Amino acid sequence: MAIEETETQVILSHPSDSSTNVTILKYGATVFSWKLYGQEQLWLSTAAKLDGSKPVRGGIPLVFPVFGKNESDPLLSKLPQHGLARNSTWEFLGQVKSNPPTVQFGLNPKLSNPEMTKLWSEDFNLILTVELGSDYLKTEIEVENLSSSKELKFNWLFHTYLKIPDIEDTMISNLVGMKLYDQLLKESFVDKHPCVTFHGEKDVIYQNVEADRVIQVVNQGKPVHTVKRVNLPDSVVWNPWIEKSGGMGDFEPKTGYKEMVCVEPGHVHDFVVLSPGEKWTAAQILSKDELKYQAIQ
Ligand SMILES: O=P(O)(O)OC[C@H]1O[C@H](O)[C@H](O)[C@@H](O)[C@@H]1O
């Protein structure tokens, strides 16, 4: 069967090859496994909680309505780091297409974690659409402002943990020439390196990355992941390295930082602001494409 629902999760298998499949936890509507021809593409901590007791460490947690910990916005600063979507149980809305298998999940203030809506009481509706192609995974979000009088202001981000063979042999292409904010140095600058490499903890936000720029994760010269973005101008690149992952109770094994990199397409440099009744959509498409180096414009 192409779509299987259990009490806590939904599994889609591709009709042309059931070893291509995706598993989504209703908690957080978190994709926590995506296998392409039997090979896992996403990193998941062996200590990740899949019982709804905390956000999943791995897969594709959803970040809404705030990225990181906001210190200044009068409404959003009350919320914990990365907001309420990743720690609320979403409603499974069902199947919208059988080929490619496509399903939807919904979240609104009534379904959201009440501890969070106490802190941020805006009126919104989220619909996540997960589409399993034979050679790609598309996650699309629609955010609607349900208020008839107030603007809705938010960040969105797909916090994608990609599985890689070895971080020290990995680089990320096509971000050269982009402005970034380094969250560790607390500085903004233009990245002049020909590609992103990893020698320690990295936590940077590339801002206003041109829409047609294809971000690729390359291991020993071979493209292992391609990340395409629709309406998501920013991209976080994160690896916690030894010390930071050592301090995270749900990050296991402790050598796991070698086998993951987060490439996180989002709208986080500034907020999306929706007028009453307005909708906004954006998407991430993961695949394994041929290597494509793009020149600086
Ligand atoms: O530990 P979490 O709340 O899941 O956050 C994990 C990471 O998310 C993003 O990548 C941020 O840029 C990092 O600063 C943060 O450490």
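Residue indices follow the written sequence of each chain, beginning from 1 at its first position. Residue-level local features of this predicted model are given only where pLDDT is at least 70; pairs of side-chain atoms are given and counted only at 80 or more, and the full residue set underlies all totals for whole chains, interfaces and linings. Derived side-chain values reflect all non-hydrogen atoms in the structure, with water molecules and hydrogen atoms excluded from consideration.

## Points about the site of the ligand
Argument step 1. Taken together, R57, F67, Q81, H82, R86, H159, Q183, D203, V236, W238, K244 and E264 form the complete shell of residues around the ligand.
Argument step 2. Q81 has a polar side-chain atom sitting 3.0 Å from an oxygen atom of the ligand.
Argument step 3. One of the side-chain N or O atoms of K244 is found 3.2 Å from an oxygen atom in the ligand.
Argument step 4. To be clear on the numbers: accessible area is Shrake-Rupley with a 1.4 Å probe, and residue cover counts the displayed protein chains and nothing else. Protein burial of the ligand: of its 390 Å² of free accessible surface, 87% is covered by the chains.
Argument step 5. Counted by class, the shell around the ligand contains three nonpolar, four polar and five charged residues. A cutoff of 4 Å decides nearness: a residue is near a molecule or strand if any of its heavy atoms lies inside that distance of it. Any pair of nitrogen or oxygen atoms within 3.5 Å is treated as a polar contact; in protein, a donor-acceptor pairing is required on top of that, and neighbouring residues in sequence qualify only through side-chain atoms on both sides. Polarity classes work like this: nonpolar for Ala, Val, Leu, Ile, Met, Phe, Trp, Tyr, Cys and Pro, charged for Asp, Glu, Lys and Arg, and polar for all others, with Gly in that last group.

## Examining the UniProt feature "active site" (unreviewed entry) in the chain
Argument step 1. UniProt positions are given in the numbering used here, feature names are shortened, and annotations may be inferred rather than shown by experiment. Per the UniProt record, "active site" (unreviewed entry) is found at H159 and E264. Spatial clustering of the annotated residues is evident: they stretch over 106 residues in sequence, but the largest pairwise C-alpha distance comes to 4.8 Å.
Argument step 2. Secondary structure elements follow DSSP: runs of H or I no shorter than four residues count as helices, runs of E no shorter than two count as strands, and numbering proceeds from the N terminus. Inspection of the secondary structure assignment puts H159 in the loop between β11 (152-158) and β12 (160-163).
Argument step 3. A relative accessible area of 7% places H159 in the buried class.
Argument step 4. Note that E264 resides in strand β21 (residues 260-274). Each residue gets one of three labels from its accessible area relative to the maximum for its type: buried under 20%, exposed over 50%, partly exposed in between, using a 1.4 Å probe on protein chains only.

## Topic: the packing of aromatic side chains
Argument step 1. Ring pairs shown here join Phe, Tyr and Trp side chains whose ring centres sit within 6.5 Å, with only the six-membered ring taken for Trp; geometry is labelled stacked below 30 degrees between planes, edge-to-face above 60, and tilted in between. Under the definition given, this model contains 12 aromatic pairs.
Argument step 2. With a centroid separation of 5.8 Å and an interplanar angle of 85 degrees, the aromatic rings of F64 and W120 are classed as edge-to-face. Residue F64 is found in the loop between β6 (62-63) and β7 (91-97), and its partner W120 is found in the loop between α1 (114-117) and β9 (124-132); the two are separated by 56 residues along the sequence. The residues F64 and W120 share a single accessibility class, namely buried.
Argument step 3. Over the aromatic face of F198 sits the side chain of K202, whose NZ or CZ is 5.7 Å from the ring centroid. Any Lys NZ or Arg CZ that is within 6 Å of a ring centre and within 35 degrees of that ring's normal is treated as a charge sitting over the ring.

## As for the environment of E131
Argument step 1. Residue position: E131 is located in strand β9.
Argument step 2. As a C-alpha pair, E131 and P101 span 30 residues in sequence and 5.9 Å in three-dimensional space.
Argument step 3. Contacts of E131, omitting those with residues within four sequence positions, involve K97, P100, P101, T102, Y136, L137 and K138.
Argument step 4. Here Y136 takes part through its side chain, which lies 2.4 Å from a polar atom of the side chain of E131. The criterion used for residue contact is that any of the two residues' heavy atoms lie within 4.5 Å.

## Here's the deal with the sheet that holds strand β8 (residues 102-107)
Argument step 1. The antiparallel open sheet is built from nine strands, whose spatial order is β7-β8-β9-β10-β22-β19-β18-β13-β16. Two strands in the sheet have a free side with no partner beyond their single neighbour: β7 and β16 (196-197).
Argument step 2. Note on pairing: two strands pair once DSSP finds at least 2 bridges between them. The pairing of strand β13 (residues 170-173) with β16 spans two bridges and is classified as antiparallel. Bridging across to β16, M171 finds its partner in T197.

## Remarks on the UniProt feature "binding site: substrate" (unreviewed entry) in the chain
Argument step 1. UniProt records the feature "binding site: substrate" (unreviewed entry) for R57, Q81 and R86 in the present numbering. Annotated residues spanning 30 residues; largest pairwise C-alpha distance 13.8 Å, indicating a single compact cluster.
Argument step 2. Here R57 falls in the buried class, since its relative accessible area comes to 16%.
Argument step 3. Aside from chain neighbours lying at most four places away, what touches R57 is W43, L44, S45, A48, Y161, W238, M248, D250 and F251.
Argument step 4. As for its position among the elements, R86 is in the loop between β6 and β7.
Argument step 5. Overall, R86 belongs to the buried group, its relative accessible area being 16%.

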